[in-house]
Amino acid sequence: MDIGLPKEIKNNENRVGLTPAAVAALTKAGHKVFVQKSAGLGSGFSDAEYVKAKAKIVNTANEAWNHKMIVKVKEPLASEYKYFKPDMLLFTYLHLADNKPLTDALLKSRVCGIAYETMIDKNAKVRLPLLAPMSRVAGRRSAIIAATFLESHRGGLGLLPGGVEDNDPAKPSTEKGLFLVIGGGIAGYSAATMAAGMGANVTILEANPARIQQLKKDVKLNAFAKVYKSKISVENAGRENISKWIKQADALISTVLIPGAKAPKVVSAAQVKTMKKGSIIIDIAIDQGGSVETINRVTTHDNPVYVKFDASHYAVANMPGATPRTSTVALVNATTKFAIEIASKGLKSFACPVIFSGVNTFRGCLTNESVAKALKIKYVPINTSKL
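Not measured: the values here are computed from a predicted model. (Residues numbered from 1 in each chain as written. Predicted model: local features only at pLDDT ≥ 70, side-chain atom pairs only at ≥ 80, totals over all residues. Heavy atoms only, no water.)

Asks: Sorry if this is basic, but what is going on with the overall build of the protein chain here?
Replies: When helices and strands are tallied, the protein chain shows 13 helices and 15 strands. Expected size for 387 residues packed as a compact globule is a radius of gyration near 21 Å; at 22 Å, the protein chain falls within 12% of this value. With the principal axes as the frame, the protein chain shows a C-alpha extent of 70 × 45 × 35 Å. Among the 387 residues that make up the protein chain, the fraction classed as buried is 55%. Within the protein chain, counting contacts between residues at least 6 apart in sequence, those at least 24 apart form 65% of the total. (Helix = DSSP H or I, 4+ residues; strand = E, 2+ residues; numbered from the N terminus. Rg over C-alpha atoms; globule rule 2.2 N^0.38 Å. Buried < 20%, exposed > 50% of the residue type's maximum accessible area, 1.4 Å probe, protein only. Contact = heavy atoms within 4.5 Å.)

Written out as C-alpha cells, the structure is:
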C-alpha cells in the first residue's frame, strides 16, 4: 500500500507520525512510504534518514496526502480537509467528541478515520495502548508546566515545588507546595510521581475504588516520595473532597478522560473561585473538551495560559508536542505494528479487535458510539461481514 506521511501543522507541533525505523519496517513489509520534506526535522529525524529507510521524499503536503493511507500524529486542521477522499485510511489521533467540523468533514468525504485514542486492547494490562505513551508524557510534563507557572514573573505564587530542606533538623523546611491531581490513571499517576520527584506534596483524587487501592500500594513503593520526603495521599474523588483539596492546592492537574467521549466536568467554576491567587490549573483532557468548567477554550504553546478568577489556566491540546523527540519515539513504538497490519490487510485488518475499536468514521457513517453520543449524530455499527 502507498502511505503518506505529512508534516504536522498544528501550532508548535513537532512530532511526526513515523520514525525512520518505522518506515523501514513498513517498506520491508512491501509498502511504499511518501514523506513530506522536513516532516521529521522537529523530532530530530532528517530527510536523509528517511531516504535510507527507503522512503520517497515529496515536496508538498498535497503530494504527501495523495495516497491510500495517511499516518499522522494530530487531528487534521481545517486547511487539510481538502485532502480528504473516499476510502482514505487515516490513522492518527482524532478526538472527535469535541470537534464536529472535523467529524462532518470526515463523514462527508467518506474517510475511514482510525483514532489512536479509542483503540482498546481488552486483554492487555494497558487497555489503551496508543493513548498510554502520550498520557505518560502529558502527565509528566504537566508537573513541569505547573512548576514553571508557579514562578512569580509568570503570575504564579513564587513557589518552588519541594521547597528547600535545611541541614538543621530542628528548623522547619520551606513550603513544599501542594499538587492536586484529579484522576489516577496513567496520566494522573505520571503527574503525581513527577511532582513528588520535585519534592512537592501530592494528593491524588480517584473515583474507582479498585484503582484507589492499587494507587495506595503504588504510592508506598514510590521511590521519589521516599527520597524527596514528599507526602503522596490518595482519596476518593467525590465533590466534597475536590472542594476541600482545591482550596489548599497550589497546582491543580485534571486528567479525567473517557475514551472517545466528551470529558466530564469534574471541577466547577465555583470551586475554581476558591483557589489561591497565583495558582495554576492544567487540564490534560482539553482534547476531549476539558474537565474543568472554567477552561472553555484551547490554548497554544505560543500563548499557553489565561487568567480567570485569579488562577492561571493552561489548556494546550498538544502538550507532548513540546518534547517531540521523546514523544514521537514513544508514540511510534506503540503504533507501528498496527500501521503495518492496516497497510498490509486494508479493511481486513478490522478483524483485529484493537484496530476495529479505533474506527470512528467509515463510508460516511459515524461508527464509534461514544463519539456519536457526544455529538448527537446517529451511530452506525460496522458490518464486518461485508468488508
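Asks: Any chance you could explain the environment of I342 here in plain terms?
Replies: Counting through the fold element by element, I342 comes out in helix α11 (residues 324-345). Along the primary structure I342 and I355 are separated by 13 residues, whereas in three dimensions their C-alpha atoms are 8.0 Å apart.

Asks: How should the pairing of strand β11 (residues 280-283) be read in this particular structure?
Replies: Regular strands have side chains that alternate between both faces of the sheet. Burial along β11 is two-sided: I280 and I282 and I281 and D283, pointing in opposite directions, are all buried. The sheet contact formed by strand β10 (residues 251-254) and β11 spans four bridges and is parallel. Looking at the pairing, A251 lines up with I280 of β11. Relative to strand β13 (residues 311-314), β11 runs parallel, the two being bridged by three bridges. If you follow I282 over to β13, its bridge partner there is Y314. (Pairing = 2+ DSSP bridges.)

Asks: Is there a simple way to explain the nonpolar core in this structure?
Replies: For soluble globular proteins, nonpolar side chains are generally found buried alongside one another. Core analysis: the biggest nonpolar cluster contains 42 residues, and M69, F91 and I114 have the highest contact counts within it. What F91 contacts, discounting residues up to four positions off in sequence, is M69, I70, V71, K72, I114, Y116, M119, L130, T335, F338, A339 and I342. (Core = buried A, V, L, I, M, F, W, Y, C linked by side-chain atoms within 4.5 Å.)

Asks: How should the sheet that holds strand β12 (residues 305-308) be read in this particular structure?
Replies: Whether parallel or antiparallel, the strands of a sheet pair through hydrogen bonds between backbone atoms. Strand order in this open sheet of seven strands is β9-β8-β7-β10-β11-β13-β12, and the pairing throughout is mixed. The two strands at the open ends of the sheet, each matched to only one other strand, are β9 (232-236) and β12. Neighbouring strand axes in the sheet, compared pairwise and without regard to direction, differ in orientation by 20 degrees on average. Taken together, the five bridges between strand β8 (residues 201-206) and β9 define a ladder with parallel strand orientation. Each residue of the ladder has a partner; that of I204, found in β9, is V234. Together, β7 (178-182), β8, β9 and β10 form the strand contacts of helix α6 (residues 186-197), whose direction differs from that of β8 by roughly 170 degrees. Those strands touched by helix α7 (residues 209-221) are β8 and β9, and its axis lies near 175 degrees from that of β9. (Axes fitted to C-alpha atoms, helices over the stretch in contact; angles between N-to-C directions.)

Asks: Explain the sheet that holds strand β14 (residues 359-362) to me, please; I cannot follow it from the model alone.
Replies: Strand order in this open sheet of eight strands is β3-β2-β1-β4-β5-β6-β14-β15, and the pairing throughout is mixed. The open sheet has two edge strands with one neighbour each: β3 (56-58) and β15 (365-366). Where strand β1 (residues 2-5) lies against strand β2 (residues 32-36), four bridges are found, and the strand directions are parallel. Across the sheet, the residue bridging to D2 is K32, located in β2. Running at roughly 175 degrees to strand β5 (residues 89-92), α11 makes contact with β1, β4 (69-71), β5 and β6 (112-115) of the sheet.

Asks: Before we go on, may I ask you to explain helix α4 (residues 100-109) in this structure?
Replies: An α-helical turn contains 3.6 residues, so a residue and the one three or four places further along point in the same direction. Turning to α4, its buried residues number three or more, namely L102, T103, A105, L106, L107 and S109. The elements touched by buried residues of α4 are β5, β14, β15 and α13 (369-375). At the N-terminal end of α4, a side-chain oxygen is found 3.2 Å from the backbone nitrogen of L102, two or three residues along, and the residue is N99. Positioned one or two residues after α4, R110 has a phi angle of 60 degrees, which is positive. (Polar contact = N/O pair within 3.5 Å; in protein donor to acceptor, adjacent residues only side chain to side chain.)

Asks: Even after reading the chapter, I still don't get the pattern of salt bridges, so can you show me in this structure?
Replies: Once their charged atoms are close, side chains differing in charge can pair, the charge on each being opposite to the other. Evaluation of the coordinates by the stated rule reveals twelve salt bridges. In this structure, K72 and E8 form a salt bridge, with 2.9 Å as the shortest nitrogen-oxygen distance. Of this pair, K72 sits in the loop between β4 and β5 while E8 sits in the loop between β1 and α1 (20-28), placing them 64 residues apart in sequence. Of the two residues examined, K72 and E8, each falls in the buried class. (Salt bridge = Lys/Arg side-chain N within 4 Å of Asp/Glu carboxyl O.)

Asks: Which parts of the structure should I look at to understand the packing of α1 against α11?
Replies: Helix-helix packing is described using two parameters, namely the angle between the two axes and the distance between the axes. It is the contact of α1 with α11, at a shortest axis distance of 10 Å, that shows an interaxial angle of 20 degrees. The angle between α1 and α11 falls in the class roughly parallel. Both α1 and α11 take part in a crossing whose hand is right-handed. Side by side, α1 and α11 meet where A22, A25 and L26 of the first sit next to V332, T336, A339, I340 and A343 of the second. When its residues are assigned to classes, the contact of α1 with α11 shows seven nonpolar, one polar and no charged. (Parallel < 35°, antiparallel > 145°, perpendicular 65-115°, else oblique. Left-handed = near helix turned anticlockwise from the far one by under 90°. Nonpolar A, V, L, I, M, F, W, Y, C, P; charged D, E, K, R; others polar.)

Asks: Is there a simple way to think about the packing of aromatic side chains in this case?
Replies: For any two aromatic rings, the description comes down to two numbers: the centre-to-centre distance and the angle of the planes. Within the structure shown, the criterion is met by seven aromatic pairs. The structure contains a cluster of three or more aromatic residues connected by ring pairs, namely W65, Y81, Y83 and F84. The ring of F149 is capped by R154, whose NZ or CZ atom sits 5.8 Å from the centre of that ring. The residue whose ring lies beneath R297 is Y306, and the NZ or CZ to ring-centre distance is 3.7 Å. (Phe/Tyr/Trp six-rings, centres within 6.5 Å; stacked < 30°, edge-to-face > 60°. Lys NZ or Arg CZ within 6 Å of the ring centre and 35° of its normal.)

Asks: Would you explain the side chain of T19 in this entry?
Replies: Turning to its location among the elements, T19 is positioned in the loop between β1 and α1. The exposure class assigned to T19 is buried, which follows from its relative accessible area of 8%. Sequence-distant contacts of T19, that is, excluding residues within four places in its chain, are made with F45, Y50, T328 and V332.

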